Amino acid sequence: MRKKIVAGNWKMNKNLAETNALLSDLKTKISSSSKAEIIVAPTFVNLSNAVEKLEGTEVKVAAQNMHQAENGAFTGEISADMLKGIGVETVILGHSERRAYFGETDQLLVDKVDTALKHNMSVIFCFGEELQDRKSDNHFSVVESQLQNGLFHINSESWDSIVLAYEPVWAIGTGETASPEQAQEMHAFIRNTIAKAYTQDIADKVSILYGGSVKPNNAEEIFAKQDVDGGLIGGASLDVDSFVAIASAV
Ligand code: 13P
C-alpha cells in the first residue's frame, strides 16, 4: 500500500522562538494514531533545532530547498552534505515559489534531484500548472512536461526515494482549492504518465500529495480521493491545531 504523508512547508515563516513553540505544541498534539507520515519543513536556520526537538518522535524534518553542487563558492547556499550532516534526510525540490521567484528551471531541478539522490535523500518533487494553463486547457501537458523534463531521467530504483506533490499554482496561498474531482483527475493522470514512462508497479507505489489551500475543512474530501495520498500544506501548517486536524483527515 502507498504511504500516506502530510507535510508542512513553513516557507519563510517562524523565527527560532516561534519554531520551538510550534514544535513543542506539535509534539504534544500530534496523535501517534495518525495514519500519515508527518513531515515538517522549517527554514534552513531552524532545521538543526527541529531535528533535535523532534528526536524520538515519528515526525520527520525536511529542508525546503538545497543547492545542486557538492560544495564550493556558492555564497548563501546549502548543500546536501550539510543537510545530511544535521540529520535532515528529505528535501522539497521544485516548489512553484522557487520556480517563479528564483528562476528554477526543469534543467536545474534535474541536477538538484540527482544530487539529492546521490546523497540518499528523499525528494518531495513539486510541480503544477499556472492559472492560464488551466484556463487554456493546457494543464495536463504542462504537468507532463514538468515531470518529463525535471524528473523522468531517474532510474526505476530511485522512485523509492521520490514523493510527488502536485500543487496547482493558482491554488497556493489563494484560498482557492482544486476541487477533490480536479485533484483526483490530475493525480490519476500523473500516475498514468508514470506508468507509461516506467511501470504500473512504480506508478502504484509512489505517493502523490496535493498542495494548495488545504485546510481542516476541505482536507478530508480531498484526501478521500483514490489517487491523493496526502498533502503538502503551507499556511495551515503554521497553526498546530489546523495541521493536526489535517493530519487526522488522511
Ligand atoms: P498553501 O497551503 O498556503 O496554499 O501553500 C501550499 C504550498 O505551497 C505548500 O508547499
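Computed from a predicted model, the values in this text were never measured in an experiment.

J.: Any chance you could break down the overall build of the protein chain for me, citing the residues and the numbers?
T.: Counting its secondary structure elements, the protein chain contains eleven helices and eight strands. The globule rule puts the C-alpha radius of gyration for 250 residues at 18 Å, and the 17 Å found for the protein chain is close to it. In terms of overall dimensions, the protein chain has a C-alpha envelope of 45 × 45 × 35 Å along the principal axes. Within the span of the protein chain, comprising 250 residues, buried residues form 53% of the whole. Sequence separation of 24 or more characterises 72% of the internal contacts of the protein chain that already satisfy a separation of 6 or more. Put simply, the protein chain shows about 11,300 Å² of open surface, and 48% of that area lies on carbon and sulfur atoms.

J.: Just give me the short version of the nonpolar core, but keep the residues and values in it.
T.: By size, the foremost hydrophobic cluster in this structure holds 66 residues, and its most contacted members are Val6, Leu151, Trp159, Leu164, Ile190, Ile194 and Phe223. Ignoring anything within four residues of it in the chain, the contact list for isoleucine 194 reads Phe152, Trp159, Leu164, Thr199, Ile202, Ala203 and Val206. Grouped together as the second largest cluster of nonpolar side chains are twelve residues, Ala41, Ala62, Leu209 and Leu232 included.

J.: An account of the pairing of strand 8 (residues 230-233) is requested, with residue identities and associated values reported.
T.: Residues of strand 8 alternate between two faces, with Gly230 and Leu232 on one and Gly231 and Ile233 on the opposite face, all of them buried. In this structure, strand 1 (residues 5-9) lies alongside strand 8, joined through four bridges in parallel fashion. Directly across from valine 6, in strand 8, lies its bridge partner glycine 231. By the bridge criterion, two bridges tie strand 7 (residues 208-211) to strand 8 in an arrangement that is parallel. Opposite tyrosine 210, over in strand 8, you have glycine 231 as the bridge partner.

J.: An account of the site of the ligand is needed here, citing residue identities and associated values.
T.: The full set of residues close to the ligand is Asn9, Lys11, His95, Glu167, Ala171, Ile172, Gly173, Gly212, Ser213, Leu232, Gly234 and Gly235. For the ligand, an oxygen atom lies 2.8 Å from a polar atom in the side chain of histidine 95. Here an oxygen atom of the ligand sits 2.8 Å away from a polar atom, N or O, in the main chain of glycine 235. Contact with the protein chains removes 96% of the 300 Å² of surface that the ligand exposes when unbound. Of the residues contributing to the shell around the ligand, the split by class is three nonpolar, seven polar and two charged.

J.: Describe unusual backbone geometry, with residues and values.
T.: Notably, asparagine 120 is not glycine yet its phi reads approximately 55°, a positive angle. Summarising the element assignment, asparagine 120 is placed in the loop between helix 5 (106-118) and strand 5 (122-127). When its relative accessible area of 60% is taken as the criterion, asparagine 120 is described as exposed. In this model, serine 213 sits at a positive phi of 55°, which is unusual for a non-glycine residue. Within the secondary structure, serine 213 sits in the loop between strand 7 and helix 10 (219-223). A relative accessible area of 8% means that serine 213 is categorised as buried.

J.: Before we move on, can you summarise the environment of glutamate 181 with the specific residues and values?
T.: In this fold, glutamate 181 is placed in helix 8 (residues 180-197). When its relative accessible area of 49% is taken as the criterion, glutamate 181 is described as partly exposed. Glutamate 181 sits 15 residues away from tyrosine 166 along the chain, and the two C-alpha atoms are 14 Å apart.

J.: Residues and numbers for the environment of valine 244, please.
T.: Note that valine 244 resides in helix 11 (residues 240-248). Residue class for valine 244 comes out buried when judged on its relative accessible area of 13%. It is 9.0 Å that separates the C-alpha atoms of valine 244 and serine 34, two residues lying 210 residues apart in sequence. The residues contacting valine 244, other than those within four sequence positions of it, are Leu26, Lys29 and Ile30.

J.: Lay out helix 1 (residues 16-29) in plain terms, naming residues and giving numbers.
T.: It helps to recall that an α-helix has 3.6 residues per turn; residues three or four apart then point in one direction. If you check helix 1, its first and last C-alpha atoms are 20 Å apart, about what 14 residues at 1.5 Å a residue would give, namely 20 Å. All of the buried residues in helix 1 are Thr19, Leu22, Leu23 and Leu26. The arc enclosing the buried residues of helix 1, seen along the axis, measures out at 100°, which places them on a common side. Opposite its buried face, helix 1 presents the exposed residues Ala17 and Thr28, each directed more than 90 degrees away. Its side-chain oxygen at 3.2 Å from the backbone nitrogen of alanine 17, asparagine 15 defines the N-terminal cap of helix 1.

About the thresholds
- Residues numbered from 1 in each chain as written.
- Predicted model: local features only at pLDDT ≥ 70, side-chain atom pairs only at ≥ 80, totals over all residues.
- Heavy atoms only, no water.
- Helix = DSSP H or I, 4+ residues; strand = E, 2+ residues; numbered from the N terminus.
- Rg over C-alpha atoms; globule rule 2.2 N^0.38 Å.
- Buried < 20%, exposed > 50% of the residue type's maximum accessible area, 1.4 Å probe, protein only.
- Contact = heavy atoms within 4.5 Å.
- Areas by Shrake-Rupley, 256 points an atom, 1.4 Å probe, with all protein chains shown as cover.
- Core = buried A, V, L, I, M, F, W, Y, C linked by side-chain atoms within 4.5 Å.
- Pairing = 2+ DSSP bridges.
- Near = heavy atom within 4 Å.
- Polar contact = N/O pair within 3.5 Å; in protein donor to acceptor, adjacent residues only side chain to side chain.
- Nonpolar A, V, L, I, M, F, W, Y, C, P; charged D, E, K, R; others polar.
- Expected span 1.5 Å × (residues − 1).
- Arc of directions from axis to C-beta.

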